[in-house]
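Given next are the chains, with one letter for each unit.
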Amino acid sequence: MRIAVLGASGRTGGTLVDQALERGHEVVALVRTPTKVAVPAPRQVEIRQADVTAPQSFPDLTDVDVAVSAIGIGKGDGPGALVAGARRLAAANLRTVWLGALGSGVSSRSGGLLYAGVMRVFVGSELAEKAEADEIALKAGATVFHAPDVMDGPLSPTRRTVPLAELRRPLLPPRISRTTLAALLLDEAETGKHGNGILVPLG
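Every value quoted in this text rests on a predicted model; they were computed, and no experiment measured them.

Procedures and definitions
- Residues numbered from 1 in each chain as written.
- Predicted model: local features only at pLDDT ≥ 70, side-chain atom pairs only at ≥ 80, totals over all residues.
- Heavy atoms only, no water.
- Pairing = 2+ DSSP bridges.
- Helix = DSSP H or I, 4+ residues; strand = E, 2+ residues; numbered from the N terminus.
- Axes fitted to C-alpha atoms, helices over the stretch in contact; angles between N-to-C directions.
- Contact = heavy atoms within 4.5 Å.
- Parallel < 35°, antiparallel > 145°, perpendicular 65-115°, else oblique.
- Left-handed = near helix turned anticlockwise from the far one by under 90°.
- Nonpolar A, V, L, I, M, F, W, Y, C, P; charged D, E, K, R; others polar.
- Buried < 20%, exposed > 50% of the residue type's maximum accessible area, 1.4 Å probe, protein only.
- Polar contact = N/O pair within 3.5 Å; in protein donor to acceptor, adjacent residues only side chain to side chain.
- Expected span 1.5 Å × (residues − 1).

1. Examining the sheet that holds strand 2 (residues 26-31)
Here's step 1: One open sheet holds the 8 strands; their spatial order is 3-2-1-4-5-6-10-8, and the pairing between them is mixed. The open sheet has two edge strands with one neighbour each: strand 3 (45-49) and strand 8 (160-163). Averaged over all neighbouring strand pairs, the angle between strand axes comes to 25°, with direction disregarded.
Here's step 2: Here strand 1 (residues 2-6) runs beside strand 4 (residues 66-69); their pairing, made up of 4 bridges, is parallel. Residue pairing for strand 4: Leu-6 is matched across the bridge by Ser-69.
Here's step 3: Seen against the sheet, helix 2 (residues 81-91) touches strand 1, strand 4 and strand 5 (96-101) and runs at an angle of roughly 165° to strand 5.

Right, here's the structure in full:
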């Protein structure tokens, strides 16, 4: 497949690029600053400059099969980057797998009371933007992942996704390894199994 990765210069985006290449896919890396992209096999990755806040210059994606978004709110970014990213992919009319956060919007209580408290303290004002971006992605037909806290770690052999409505509220704050999250995002990009809706990735 030909997969576009939005936010490919970030840690999760870079993991997505590496795993997509390992699976034999062609990758189009969508990044604001191309010089920040480091890939193991440059000939297999096409890098396109993509500033989500500049819609007139956002690259054409008609040659891509599916887009996976790993865009986040980086240091120094003003408000609106997530919403702008969701709008750009929605306008591209492209099958999309969108990465959101457990504990935002409709999943605000789904991670448990402790997790909700952690999200309010450490994410705070970004929660509203995350929820708005998710809503845009969902209305455009995307599969939205509400990922719990992401950590470093190996690929889980029991990785799976659960529809948000079927998630059992955990007692302790849930976590997932970055490699497992990337693998699940790619699983959905490859199969389109779950279609439009919200999924929770689990290790």
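2. Concerning the packing of helix 1 (residues 11-22) against helix 5 (residues 178-191)
Here's step 1: For the pair helix 1 and helix 5, the least separation of the axes is 9 Å and the interaxial angle reads 60°. Looking at the two axes, helix 1 sits oblique to helix 5. Note that helix 1 runs across helix 5; the crossing there is right-handed. Along the contact surface, helix 1 presents Arg-11, Thr-12, Thr-15, Leu-16, Gln-19 and Ala-20, while helix 5 presents Arg-178, Thr-179, Leu-181, Ala-182, Ala-183, Leu-185 and Leu-186.
Here's step 2: Looking at side-chain class alone, the contact of helix 1 with helix 5 contains 7 nonpolar, 4 polar and 2 charged residues.

3. A few points about the environment of Asp-187
Here's step 1: Mapped onto the fold, Asp-187 is located in helix 5.
Here's step 2: Ignoring sequence-local partners within four residues, the contact set of Asp-187 consists of Arg-23 and Arg-159.

4. Focus: the side chain of His-146
Here's step 1: Positionally, His-146 belongs in strand 6 (residues 143-147).
Here's step 2: Taking relative accessible area as the criterion, His-146 reaches 1% and is therefore assigned buried.
Here's step 3: Within the structure, the side chain of His-146 is placed 2.7 Å from the side chain of Asp-134, a separation counted as a polar contact.
Here's step 4: Beyond its immediate chain neighbours, meaning those up to four positions away, His-146 contacts Gly-100, Ala-101, Leu-102, Ser-104, Val-106, Ser-107, Asp-134, Ile-198, Leu-199, Val-200 and Pro-201.

5. Focus: helix 4 (residues 126-139)
Here's step 1: Here helix 4 spans 20 Å end to end across 14 residues, near enough to the 20 Å set by a 1.5 Å rise per residue.
Here's step 2: Residues Leu-127, Glu-129, Lys-130, Ala-133, Asp-134, Ile-136 and Ala-137 constitute the buried set of helix 4.
Here's step 3: With its phi angle positive at about 95°, Gly-141 sits one or two positions after the end of helix 4.

6. A look at unusual backbone geometry
Here's step 1: Residue Asn-93 is not a glycine yet carries a positive backbone phi of 55°.
Here's step 2: Note on placement: Asn-93 falls in the loop between helix 2 and strand 5.
Here's step 3: For Asn-93, a relative accessible area of 73% puts it in the exposed group.

7. Brief notes about the packing of helix 2 against helix 4
A pair of packed helices is captured by two measures, namely the crossing angle of their axes and the spacing between those axes.
Here's step 1: Orientation of helix 2 relative to helix 4, taken along the N-to-C sense of each, is 5°, at an axis distance of 8 Å. One way to sum up the angle between helix 2 and helix 4 is to call them roughly parallel. Contact residues: Ala-81, Leu-82, Val-83, Ala-86, Arg-87 and Ala-90 in helix 2; Glu-129, Lys-130, Glu-132, Ala-133, Ile-136 and Ala-137 in helix 4.

8. Here we look at the pairing of strand 10 (residues 197-202)
Here's step 1: The buried count for strand 10 comes to 5 of 6 residues, which makes it a mostly enclosed element.
Here's step 2: Across 3 bridges, strand 6 lies against strand 10 in parallel orientation. Bridge pairing in strand 10 places Phe-145 opposite Leu-199.
Here's step 3: Summarising the sheet, strand 8 and strand 10 pair through 4 bridges and their orientation is antiparallel.

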